[in-house]
Amino acid sequence: MSNSSSIRHFLLLALADTQQLQLLHFCLLLGISLAALLGNGLIISTVACGHHLHTPMFFFLLNLALSDMGSICTTVPKAMHNSLWDTRNISYTGCAAQVFFFVFFISAEHFLLTIMCYDRYVSICKPLHYGTLLASRACAHMAAAAWACAFLYSLIHTANTFSLPLCHGNALGQFFCEIPHILKLSCSKSYLREFGLIVFSISLLFGCFVFIVFSYVQIFRAVLSIPSEQGRHKAFSTCLPHLVVVSLFLSTGFFAYLKPPSMSSPSMDLALSLLYSVVPPALNPLIYSLRNQELKAAVRRLLTGWFWKY
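Note that the structure is predicted; figures quoted are calculated from it, not measured. Position labels on residues start from 1 in each chain and follow its written sequence. With pLDDT at 70 or above as the cut-off, local features in this predicted model cover only qualifying residues; side-chain atom pairs require 80 or more to be listed or tallied, and sums for whole chains, interfaces and linings still use all residues. In computing side-chain properties, one takes all heavy atoms of the structure into account and sets aside hydrogens as well as water.

**Details of the overall build of the protein chain**
Just so we agree on the cut-off: Under the scheme used here, helices are H or I runs from DSSP no shorter than 4 residues and strands are E runs no shorter than 2 residues, and both carry numbers assigned from the N terminus. Each residue is assigned to one of three classes by its accessible area relative to the maximum for its type, calculated with a 1.4 Å probe on protein chains only: buried under 20%, partly exposed between the two thresholds, exposed over 50%. Contacts are residue-level and defined by heavy atoms, with any inter-residue pair within 4.5 Å sufficient. Here the open area of atoms and residues is found with the Shrake-Rupley method and a 1.4 Å probe, where only the protein chains shown may cover a residue.
Regarding its fold elements, the protein chain presents eleven helices and two strands. Looking at the 310 residues of the protein chain, the share that counts as buried comes to 46%. Taking as baseline every contact in the protein chain between residues at least 6 positions apart, the subset at least 24 positions apart corresponds to 76%. As displayed, the protein chain has an accessible area near 15700 Å², and 71% of this comes from carbon and sulfur atoms.

Have a look at this one:
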């Protein structure tokens, strides 16, 4: 029997059994991570450099891109390193840092998506009050609150998780350090405190989910009352990317954590963990740029300017 004081490293789940498949996973993760970094980096640069994009919607999109870059940089580099060098080790402090930053960026993304839903709600349902309710100072305060809440949320979870005694070895059933898999290593009944925090977290996230659903019910009612078809199409086009991103983020996360035990298997769990931790940061820039003509035009201008400059 081991405890947390004697554990110096954890063993992560291998992405494949053979060296050839490990290298294949390395190339796959490299491609996805480069796509995510390029896409989110372009959004950040475009919004920061384009003065006509300094609006609440694009300000929150910039923050979302930052959280996406942070989340994929937290999990993927270590997985790529382990695949390339055919190892499973991660240090105890490295695991704690990975848990902190993963929870930090994922929770920040959830809070930011909720704020972006509020932005769309005010824009469509209360357009006359948009400039007041979403002034630059208010937007900065909301974004700062999202990041601060995510920091405290992550700090509490990380500190509590790594204060638990571990009695069931050091092998994690995940390719990165994640709280539920660390709790499986804890001693009996010692995880109840963290379980209480998880229940609180689920309640908080469910509250955000209810707010998003309620907001979109009001948005759809307002859009359907617009008399012109062109006006309805324009209103829907501003909401559709956010709705797709929220659906992708929540559906993959909910299914990964709330799936029936009968559906659980190492290969299924690995595929789901890749789906909710790696794929959304790579797809979000594509989803937002496909439907937003203003953003696409700004990206083209930025890339054209860089091409002629260099």
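There is more to say, and it comes next.
**Quick look at the packing of aromatic side chains**
Spelled out, the test is: Only the six-membered ring of Trp is used, alongside the rings of Phe and Tyr, when aromatic pairs are assigned; centres must lie within 6.5 Å, and planes under 30 degrees apart are stacked while those over 60 apart are edge-to-face, with the rest tilted.
Tallied over the entire structure, the rule returns 15 aromatic pairs. Both rings, one in F101 and one in F105, keep their centres 6.3 Å apart while their planes meet at 20 degrees; by these two values the pair is stacked. Placement of both F101 and F105 in helix α3 (residues 92–125) is noted, with a separation of four residues, approximately one turn of the helix. On the accessibility criterion, F101 (39% relative accessible area) is partly exposed. Of the aromatic side chains, those joined through ring pairs into one cluster are F100, F101, F104, F105, W147 and F151.

**Here's the deal with the pattern of salt bridges**
What counts is decided by this rule: When a carboxyl oxygen of Asp or Glu is within 4 Å of a side-chain nitrogen of Lys or Arg, the pair counts as a salt bridge.
Under the defined criterion, the tally for this structure stands at one salt bridge. Across the salt bridge formed by D119 and R120, the nearest N and O atoms sit 2.9 Å from each other. R120 shares its class with D119; the two are buried.

**Some details on unusual backbone geometry**
Its identity is not glycine, yet D86 carries a phi of approximately 55 degrees, on the positive side. One can find D86 in the loop between α2 (56–85) and β2 (89–91). What makes D86 partly exposed here is its relative accessible area of 49%.

**Quick word on the environment of D17**
When you line up the elements, D17 lands in the loop between β1 (9–11) and α1 (19–49). Along the chain, D17 and D86 lie 69 residues apart, while their C-alpha atoms are 9.6 Å from each other.

**Regarding the environment of T238**
Tracing the chain through its elements places T238 in helix α8 (residues 229–258). What makes T238 partly exposed here is its relative accessible area of 28%. Apart from residues no more than four positions distant in its own chain, T238 is found in contact with R120 and I124.

**Examining the nonpolar core**
Note the threshold: Take the buried Ala, Val, Leu, Ile, Met, Phe, Trp, Tyr and Cys residues and link them wherever side-chain atoms come within 4.5 Å; each set so joined is a nonpolar core.
Residues L29, F60, L61 and F175 are the most contacted members of the largest nonpolar core, which totals 66 residues. With sequence-adjacent residues up to four places away left out, F60 is seen in contact with I115, M116, D119, L134, C139, M142 and A143. Listed in part, the 19 residues of the second largest apolar core include F162, I182, L183 and L185.

**What about the environment of R120?**
By the secondary structure assignment, R120 is in helix α3. Residue classification places R120 among the buried positions, given a relative accessible area of 7%. Sequence separation of R120 and Y130 is ten residues, and the distance between their C-alpha atoms is 9.7 Å.

**Details of the state of the cysteines**
For the record, the criterion: Two cysteine sulfur atoms form a disulfide, by the criterion used here, when they sit within 2.5 Å.
What the rule picks out here adds up to one disulfide. Unpaired in this structure, C117 has its nearest cysteine sulfur neighbour in C239, at a distance of 8.3 Å.

**Topic: a nonpolar patch on the surface**
We apply this condition: Distance thresholds for patches are 9 Å for like charges and 5 Å for nonpolar side chains (Val, Leu, Ile, Met, Phe, Trp, Tyr), applied to residues having over 30% relative accessible area and no salt bridge.
Together, L23, L84 and W85 make up a nonpolar patch on the protein surface, roughly 310 Å² of accessible area in all. Within the secondary structure, L84 is located in helix α2. By relative accessible area, which is 34% here, L84 ends up partly exposed.

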